[in-house]
Amino acid sequence: MGSSYTEDDLSTLSPSAINVQELVKGGPSISIPQQFIRLNQEPPPSSFVTGTATPTIDMSRLLSQDDLELHKLHSTCQDWGIFQLVNHGVSSTLLEKLNHEVEQFYGLPLEEKLKYRIRDGEMEGFGTRSRGDGKFDWVDTFNIVTNPVHKRRPHLFPQLPPSLRSTLECYLSELQRLAARLICLMGKALKIDEKEMTELFDDGLQAVRFACYPPCPKPELVMALTPHSDITLLTILHQVNGVDGLQVKKDGHWLPFNFIPDAFVVNVGDIFQIFSNGVYHSIEHRVSASREKERMTVTFTVLPNSEADVGPSPSLINEDNPPLFRTVGLEQYFNDFFTRKLYGKSYLDHMRIQNGHQHSST
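Reading guide: rules and limits
Residues numbered from 1 in each chain as written. Predicted model: local features only at pLDDT ≥ 70, side-chain atom pairs only at ≥ 80, totals over all residues. Heavy atoms only, no water. Helix = DSSP H or I, 4+ residues; strand = E, 2+ residues; numbered from the N terminus. Buried < 20%, exposed > 50% of the residue type's maximum accessible area, 1.4 Å probe, protein only. Contact = heavy atoms within 4.5 Å. Pairing = 2+ DSSP bridges. Axes fitted to C-alpha atoms, helices over the stretch in contact; angles between N-to-C directions. Core = buried A, V, L, I, M, F, W, Y, C linked by side-chain atoms within 4.5 Å. Salt bridge = Lys/Arg side-chain N within 4 Å of Asp/Glu carboxyl O.

Q: Teacher, can you tell me more about the overall build of the protein here?
A: Helix and strand counts for the protein come out as 11 helices and 14 strands. Taking all 362 residues of the protein together, 54% fall into the buried category. Taking all contacts inside the protein whose residues are at least 6 apart in sequence as the whole, residues at least 24 apart take part in 76%.

Q: Please explain the sheet that holds strand β6 (residues 225-228) as it appears in this structure.
A: Strand pairing within a sheet occurs via backbone hydrogen bonds; the two strands may be parallel or antiparallel. Taken in spatial order, the four strands of this open sheet run β6-β11-β8-β9, and their pairing is antiparallel. Strand pairing shows two members of the sheet lacking a second neighbour, β6 and β9 (253-256), which therefore form its edges. Shown here is a sheet whose adjacent strand axes are inclined to one another by a mean of 25°, direction ignored. With four bridges joining them, strand β8 (residues 246-250) and β9 adopt antiparallel strand pairing. Its bridge partner lying in β9, Q247 is registered against P256.

Q: It is not clear to me how the sheet that holds strand β5 (residues 206-213) should be interpreted in this structure. Could you clarify?
A: With mixed pairing, eight strands are arranged side by side in an open sheet as β1-β2-β10-β7-β12-β5-β4-β3. Two strands close off the open sheet at either side, each with one partner strand: β1 (56-58) and β3 (125-127). The average angle at which neighbouring strand axes cross in this sheet is 25°, direction not considered. In this fold helix α7 (residues 162-189) packs onto β2 (82-86), β4 (140-147), β5, β7 (234-239), β10 (264-268) and β12 (295-302), with an angle of close to 135° to the strand it touches most, β7.

Q: Even after reading the chapter, I still don't get the pairing of β2, so can you show me in this structure?
A: Two faces belong to every sheet, and in a regular strand the side chains alternate between them. Most of β2 sits out of view: five of its five residues are buried. Along β2, one buried face is formed by I82, Q84 and V86 and the opposite face, lined by F83 and L85, is buried too. Here three bridges tie β1 to β2, and the two strands are oriented parallel to one another. The residue of β2 that forms the bridge with T56 is Q84. Note that β2 and β10 share four bridges and pair antiparallel. Its bridge partner lying in β10, Q84 is registered against V265.

Q: Mind showing me how you'd approach the nonpolar core here?
A: Across soluble globular proteins, nonpolar side chains have a tendency to be buried as a group. Grouped together as the largest cluster of nonpolar side chains are 75 residues, with contacts concentrated most on F142, F210, F272 and Y333. Here this core gets 13 residues from one element, more than from any other, and that element is α7. Among the nonpolar cores identified, the runner-up in size contains 28 residues, and I32, I82, L237 and V248 belong to it.

Q: Before we go on, may I ask you to explain the pattern of salt bridges in this structure?
A: It is possible for side chains bearing opposite charge to pair when their charged atoms get close. Taken as a whole, this structure holds 14 salt bridges when the rule is applied. Between E122 and R153 there is a salt bridge, with its nearest N and O atoms 3.8 Å apart. Placement of the pair is E122 in the loop between α6 (110-113) and β3 and R153 in the loop between β4 and α7, with a sequence separation of 31 residues. Under the relative-accessibility criterion, E122 is labelled partly exposed at 22%. Look at the salt bridges and you will find they share partners, linking D58, R61 and E69 into a network.

In structure tokens form, the structure reads like this:
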């Protein structure tokens, strides 16, 4: 089947209205629209680098109060900021069902998916988004705020196909429980009281993001996902179809990330780096496009509740350990972020206290 776009369409459509899946139906001869082309990318990992032994954390050991595993979690969050979580307790049956539902969603006709399109002035919905420099990532995403429940937009989550909605509800319930346990364990490793951790994220903002990265005939010209660190507290990634493409920046070098089947990938977010006063680190990552394979993922993000401040934990601050980051309300944290160009860890740098002086929030 050919692309549903003509050259005239591509010149007149709003960039955010272009669906990458539809674009690639034109086959390998398609020309890449200008808004997707990025010529000044950092080079890909060296061809001799086959992958990196990303740390693996065993959730069952953590839950059995294994001190060695807790220490491993602590050092991993310090040195890496990303890990693969095994024995996480989410059933393979549920994950297989979720995979099927997400693949079914992306297999819907375009007009069906466009019922959920991103509306003007909004961040949620189905489509593509500019990264602030007028350029777009080579990905079709579907972003939905799922918690607090009263923040669910009536035209998005409630209107999903019933089978997808019920599967997603089960998945979200499992991931909420898993994230809460993990965040409290990370707090324990930092010697922060569980009550303080719970107050930070209890009934906090949560969102889910489907992503479909279609194959690209000229992958060197595009970026499937711009280099960035997550602005969240914690991010849990599930690979739908086992196609690689994620790369992480470690010690100044980009490394390919090799997934363990059935493991979740957990990212320490910028908010956790700030909360830990720089003890833990979020990691810069990106996704490269594949010439032949389509990649799909589901990402679950956890943020503090709307009443919480984003700043270092009071438990960690004293005369010998002054705050390295300023404290702002969650709303201001978001407003500042969305007025800036996304790249690398620039927003985290914006939150740092420089030479004992706080940045202005402009």
